[in-house]
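Observations on the model geometry
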Amino acid sequence: MVSRSYIDDLKSLQDDEDLKYLLKGSHLTKVKSQSWKRGRFYKLQDDCKTIWHESKKPQTLRKPQTFCIEDIEDVRTGHQTEGMQKFAKEITDNQCFSIIFKGQRKNLDLVANSKDEANHWASGLKKIITNSNSLSQKQKTQHWIHAALRKADKNKDNKMSYKELKSFMKAVNIQADDSYARYIFQKCDKSHTDALEDGEIEEFYKLLTEREEINTIFSKYKSSDGLMSADNFKKFLEQEQRETFTLEFVQSLIKEYEPSETAKEQNSLTKDGLLLYLLSDYGNIFDVAHRKVYQDMTKPLSQYFISSSHNTYLMEDQLKGPSSTEAYIRALSKGCRCVELDCWNGPNYEPVIYHGYTLTSKILFSDAIQAIKKYAFKASLYPVIISLENHCTVDQQIVMANHLKNILGDKLLTVPLNSNLEDFPSPEQLKGKILVKGKKLNRLVETSMHNGHSSTEAADVSDEDEAAEMEDESVKNKVANKNDKSKVKLAKELSDTVIYCKSVHFHNFANAKEHQAFYEMSSFVESKAQKLANDSGTSFIVHNTRQLSRIYPAGWRTDSSNYNPVDMWNVGCQIVALNFQTPGTEMDLYLGRFQDNGSSGYILKPEFLREKHTQFNQKSITDGKWRKNKKFHVMIISAQQLPKENKSKNCIVDPFVTVELYGVARDCERKQTTVIENNGFNPMWNEQFLFEIDVPDLAIVRFVVEDYDSSSRNDFVGQFTVPLTSLKPGYRHIHLLNRNGDQYAAATLFVHTMLMDS
């Protein structure tokens, strides 16, 4: 049956000892707590894509006893997760390994019976994950469909009865009435055996995946011999895709994507070759050139948007959710460059991190710093900022300072980079460095004169300055009452770790311009920042050309929800901090914005947000270099292999697409297609929309697919968000992401876009 295709794609691994070991399976110990350690049998299924494990729970309480390779983010050996460090300390390091899942799913901590067994599992899983990630979009689609075919093959005879065909069609989101299903079945049943097998299933697969819209495009550019010549392919790329390539490069594309050897010899594309090209990175709506760092990284730090997390230690809400070092790892792995640590006195003179005066769990400050050190520069080499919210006594502040210095070593920036104390160094100059943001007792010039050390001993910091670092109103009030509005002491050792990010209270823009140094920065709750943006937008922009501003969610967001970051970017705020653990539109916009520039976590602000005498005002768009009136044409053509959000066997997706535009106020708009009933496999819209855009440099486009429901809230199906400046024109596939920002194996949108001068 065609279900063997995944194995065929793993030919290089078929004789691999690790893969054989996983296919055989073994008993491993699952670790959940100090007292909960249970033996379970784990086995890689024959599809080489699914792990099965036994469960001791009653049948009615069991969750699915499998998980997919595609759901795995990483495999870590040894004691590299919080669970392993807490609950498996006594077990030899080389017998331990952990499976890290994508999204919000908890880690799976496992102990093998020997070093060799652990190595087989960790190495084998990594090989399969690497192989899976390297598959083409067509291969991923094939595997997705073949998995559904295998599931429909109830009696495992490698044939498909009519009943199984109907079950399969429902599984892949196709509502087929009896007459249509019977028509397809009989058309493919060439042998008249009342069952599809081998080549007949292949025929059924081809019929199912036929793309009318690709046929139409291909027909326009094909030659009389039924192929698309290199010259015609070049013409297609120039006229439709607005891309200019040499004929030699076009021919190299044909060699790379054309599956027919005969067509290759003629330097031509078949319809399948064109589809493979359009499904590749070259046919992606996101500009492949922007997957690398391409912006100027030598400007002062204040001239960049910086990917920033709020309450980074939290995995869930900020009232009773768990705190974890894993949250830092996940944020840093997504390119986050500014993480937050809320520090409180802990037992045995070891500071802890948690959301003060709540039921959130606590982690050691030292453990968080260890995690930051290990993962700071895996996703990006550009600087990481540790934002300290300090509630500790002087003694424990000294412990914090020692941990920062001893753990981070030479990664910690402890002295200014050069003698220029008039402006920030650049991200390029700060590569591989970790900066501390917090309160500071003296000026930067004094730190520089004393070789990185303050001449001041522990001293008082006013409650006004302390309040600048306290985000939750209830915490502020409790601290204020506790201290009776007295001053709080700051240890010079901790003060000395702060170089370019000194936290100060914000009075007004005139005061900041007159009295504050460039390295003195303020934090703003979202409501205050929004008011400043509305009332004094241009002044806010000018302020942000010289100083850093950090924005954070309001204290009432106890569910760790997020605000819209776009308004803050529009006034040049650099450190716009969101709750990374909370998926939704706001995080989609965030991750969409920061996938640009190689996912480095730094985006160079548009020139008009970097000029010290700018007149740009997001609320009143006047003529200037920012105004580049554009017409943005979008045609939503079709979708392919949408996932079933409602897992009910008989429920079929009723999809519709919304195109949302975010930017300055007058550019914000959303348009929606009609609903296609009962077809999530290959719905077709061919609907066109027009957006008029004044400030394209700040515009972000979000494509959202939802499942329509007349009686309740529509179900989210998938989305993709892209800065307008990173969007490629022409016929493009959009590879949809799930709620957590991970790419679906097969789900795509097919669109046509054009950006033209008004």
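Here the structure is a predicted model, which means the values were calculated and not measured.

With that settled, consider the nonpolar core. Of all hydrophobic cores here, the largest spans 70 residues; its most connected members are Leu 341, Ile 372, Ile 386, Phe 540 and Phe 616. Among the nonpolar cores identified, the runner-up in size contains 31 residues, and Val 705, Phe 720, Ile 734 and Tyr 744 belong to it.

When we look at a pair of aromatic rings, we describe it by the centre distance and by the angle of the planes. Scanning the entire structure with this criterion turns up 34 aromatic pairs. An angle of 55° between the planes, with centres 6.4 Å apart, marks the rings of Phe 424 and Tyr 500 as tilted. One end of the pair, Phe 424, is in the loop between helix H16 (394-408) and strand S17 (434-438); the other, Tyr 500, is in strand S20 (residues 498-503), and 76 residues separate them in sequence. The burial state of Phe 424 is the same as that of Tyr 500; both residues are buried. Taking the centre distance of 4.7 Å and the plane angle of 50° together, the rings of Phe 608 and Phe 616 count as tilted. Like Phe 616, Phe 608 is buried. Taken together, the ring pairs connect Tyr 221, Phe 233, Phe 236, Phe 245, Phe 249, Tyr 257, Tyr 277 and Tyr 282 into an aromatic cluster.

Inspection of the secondary structure puts Ala 122 in helix H4 (residues 115-133). Here Ala 122 falls in the buried class, since its relative accessible area comes to 4%. Residues Ala 122 and Asp 18, 104 residues apart in the sequence, show an inter-C-alpha distance of 8.7 Å. The contacts of Ala 122, once residues within four sequence positions are left out, are Val 75 and Thr 77.

As summarised here, the arrangement of the seven strands in space is S4-S3-S2-S1-S7-S6-S5, forming an open sheet in which the pairing is antiparallel. The open sheet terminates on both sides in strands that have one partner only, identified here as strand S4 (66-68) and strand S5 (72-77). If you compare each strand with its neighbour and ignore which way they point, the axes differ by 30° on average. Across five bridges, S5 lies against strand S6 (residues 96-101) in antiparallel orientation. Counted as the bridge partner of Arg 76 is Ser 98 from S6. Each of strand S1 (26-31) and strand S2 (37-44) is contacted by helix H2 (residues 17-24), which is oriented at about 115° to S2, the strand it contacts most. Sitting on the sheet, H4 touches S1, S2, strand S3 (50-53), S5 and S6, and the angle it makes with S5 is about 150°.

Cut-offs used in this document
- Residues numbered from 1 in each chain as written.
- Predicted model: local features only at pLDDT ≥ 70, side-chain atom pairs only at ≥ 80, totals over all residues.
- Heavy atoms only, no water.
- Core = buried A, V, L, I, M, F, W, Y, C linked by side-chain atoms within 4.5 Å.
- Buried < 20%, exposed > 50% of the residue type's maximum accessible area, 1.4 Å probe, protein only.
- Phe/Tyr/Trp six-rings, centres within 6.5 Å; stacked < 30°, edge-to-face > 60°.
- Helix = DSSP H or I, 4+ residues; strand = E, 2+ residues; numbered from the N terminus.
- Contact = heavy atoms within 4.5 Å.
- Pairing = 2+ DSSP bridges.
- Axes fitted to C-alpha atoms, helices over the stretch in contact; angles between N-to-C directions.

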